[in-house]
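# Observations on chain architecture
One-letter residues, chain by chain:
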Amino acid sequence: MLKSASGAFANVLKRSLVPAVRVSAVSVRRSHGGPVESDEEFDNRYEAYFNRKDIDGWEIRKGMNDLCGMDLVPDPKIIKAALHACRRVNDYALAVRFIEACKDKCGNKVNEIYPYIIQEIKPTLTELGIDTPEELGYDKPELALESVYHM
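Calculation criteria
- Residues numbered from 1 in each chain as written.
- Predicted model: local features only at pLDDT ≥ 70, side-chain atom pairs only at ≥ 80, totals over all residues.
- Heavy atoms only, no water.
- Helix = DSSP H or I, 4+ residues; strand = E, 2+ residues; numbered from the N terminus.
- Expected span 1.5 Å × (residues − 1).
- Buried < 20%, exposed > 50% of the residue type's maximum accessible area, 1.4 Å probe, protein only.
- Arc of directions from axis to C-beta.
- Contact = heavy atoms within 4.5 Å.
- Lys, Arg positive; Asp, Glu negative; His and termini not counted.
- Salt bridge = Lys/Arg side-chain N within 4 Å of Asp/Glu carboxyl O.
- Axes fitted to C-alpha atoms, helices over the stretch in contact; angles between N-to-C directions.
- Parallel < 35°, antiparallel > 145°, perpendicular 65-115°, else oblique.
- Core = buried A, V, L, I, M, F, W, Y, C linked by side-chain atoms within 4.5 Å.
- pLDDT = per-residue confidence, 0-100.
- Phe/Tyr/Trp six-rings, centres within 6.5 Å; stacked < 30°, edge-to-face > 60°.
- Lys NZ or Arg CZ within 6 Å of the ring centre and 35° of its normal.

### Thoughts on helix 3 (residues 57-68)
Along an α-helix, residues three or four positions apart point the same way, because every turn accommodates 3.6 residues. Between the first and last C-alpha of helix 3 there are 16 Å, a value that for twelve residues agrees with the 16 Å anticipated at 1.5 Å per step. Listed as buried for helix 3 are Gly 57, Ile 60, Gly 63, Met 64 and Leu 67. Viewed end-on, helix 3 has its buried residues packed into an arc of 130 degrees, placing them on one side of the element. In helix 3, those exposed residues whose orientation departs by more than 90 degrees from the buried face are Trp 58 and Asn 65. Contact partners of the buried residues in helix 3: helix 2 (39-50), helix 4 (76-88) and helix 5 (92-105).

### Regarding the side chain of Asp 43
Here Asp 43 lies in helix 2. Notably, Asp 43 is buried but unbridged: the nearest opposite-charge side chain belongs to Lys 77, and the N-O separation is 4.7 Å. Contact partners of Asp 43, with chain neighbours within four places excluded, come to Asp 75, Lys 77 and Ile 78.

### A closer look at the packing of helix 2 against helix 4
Running from N to C, helix 2 and helix 4 cross one another at 10 degrees; their axes reach a closest spacing of 8 Å. If you check the angle between helix 2 and helix 4, you find them roughly parallel. Across from Glu 40, Phe 42, Asp 43, Asn 44, Tyr 46, Glu 47 and Phe 50 in helix 2, the residues of helix 4 making contact are Lys 77, Ile 78, Ala 81, Ala 82, Ala 85 and Arg 88.

### Remarks on unusual backbone geometry
Residues other than glycine seldom take positive phi values, yet Asn 90 does so here, at roughly 60 degrees. Structurally, the position occupied by Asn 90 is in the loop between helix 4 and helix 5. By relative accessible area, which is 60% here, Asn 90 ends up exposed.

### A short note on helix 2
With twelve residues, helix 2 ought to run about 16 Å at 1.5 Å a step, and its terminal C-alpha atoms sit 17 Å apart, in line with that. By the burial criterion, the buried members of helix 2 are Phe 42, Asp 43, Tyr 46 and Phe 50. End-on, the buried residues of helix 2 take up no more than an arc of 95 degrees, which puts them together on one face. In this structure, the buried residues of helix 2 make contact with helix 3 and helix 4.

### Focus: the nonpolar core
Within soluble globular proteins, side chains that are nonpolar tend to cluster in buried spots. Ranked by size, the top nonpolar core spans 28 residues in total, and within it Phe 50, Ile 60, Met 64, Leu 83 and Ile 130 carry the most contacts. Contributions of two or more residues to this core are made by helix 2, helix 3, helix 4, helix 5 and helix 6 (110-128). The dominant element in this core, judged by the number of residues it contributes, is helix 4, at seven residues. Ile 60 has contacts with Phe 50, Ile 55, Ala 85, Cys 86, Val 89 and Leu 94, leaving out every residue within four places of it along the chain.

### Quick look at the confidence of the model for the chain
Taken over all residues, the pLDDT of the chain has a mean of 84, while the share at 70 or more is 77%. Within the model, the stretch residues 23-29 combines pLDDT values under 50 with zero contacts to residues more than four positions away or in other chains.

### Considering the packing of aromatic side chains
For the structure on display, the rule yields four aromatic pairs. Ring geometry for Tyr 46 and Phe 50: centres 6.5 Å apart, planes at 40 degrees, overall tilted. On the criterion of helical spacing, the pair formed by Tyr 46 and Phe 50 is a turn pair, its members being four residues apart in helix 2. Judged on exposure class, the residue Tyr 46 and its partner Phe 50 are both buried. Ring geometry for Tyr 49 against Phe 50: centres 5.4 Å apart, planes inclined by 75 degrees, an arrangement best described as edge-to-face. A residue is classified by how much of its surface remains accessible, and Phe 50, at 0% relative accessible area, is buried. Taken together, the ring pairs in this structure connect Phe 42, Tyr 46, Tyr 49 and Phe 50 into an aromatic cluster. One cation-aromatic arrangement involves Arg 52 over Tyr 49; the distance from NZ or CZ to the ring centre is 5.0 Å.

This is the structure:
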């Protein structure tokens, strides 16, 4: 009897000291709600970003990283502008790595999209003296060993 009375007293004391908090969950779908940018406006924005004369290596990397984080393959005119920016800051390695990243962004359609990109940017590559990763041999591992299962 004493046990149940003390339990009831503890519950009353707990309710009086701790305020009741009501939590309600409302399902809300949030979207960015910002202005919708057309493909042409997007391309022009990034082309203008990379064509800035005062751009430095960090800003080039930031722009490239932003592009690589998006679900798209950059338009060849954006790639050309980025390659010119790499050349202005004299960063040959960054230019080659960006071409590699663009190839990676092609996903499972690499045999369709990547040759088109190379075809479109080839005059720029020649003008700037930049080789493709394939011309440098970066598409094949340097120290690759034959698989033991195929010997």
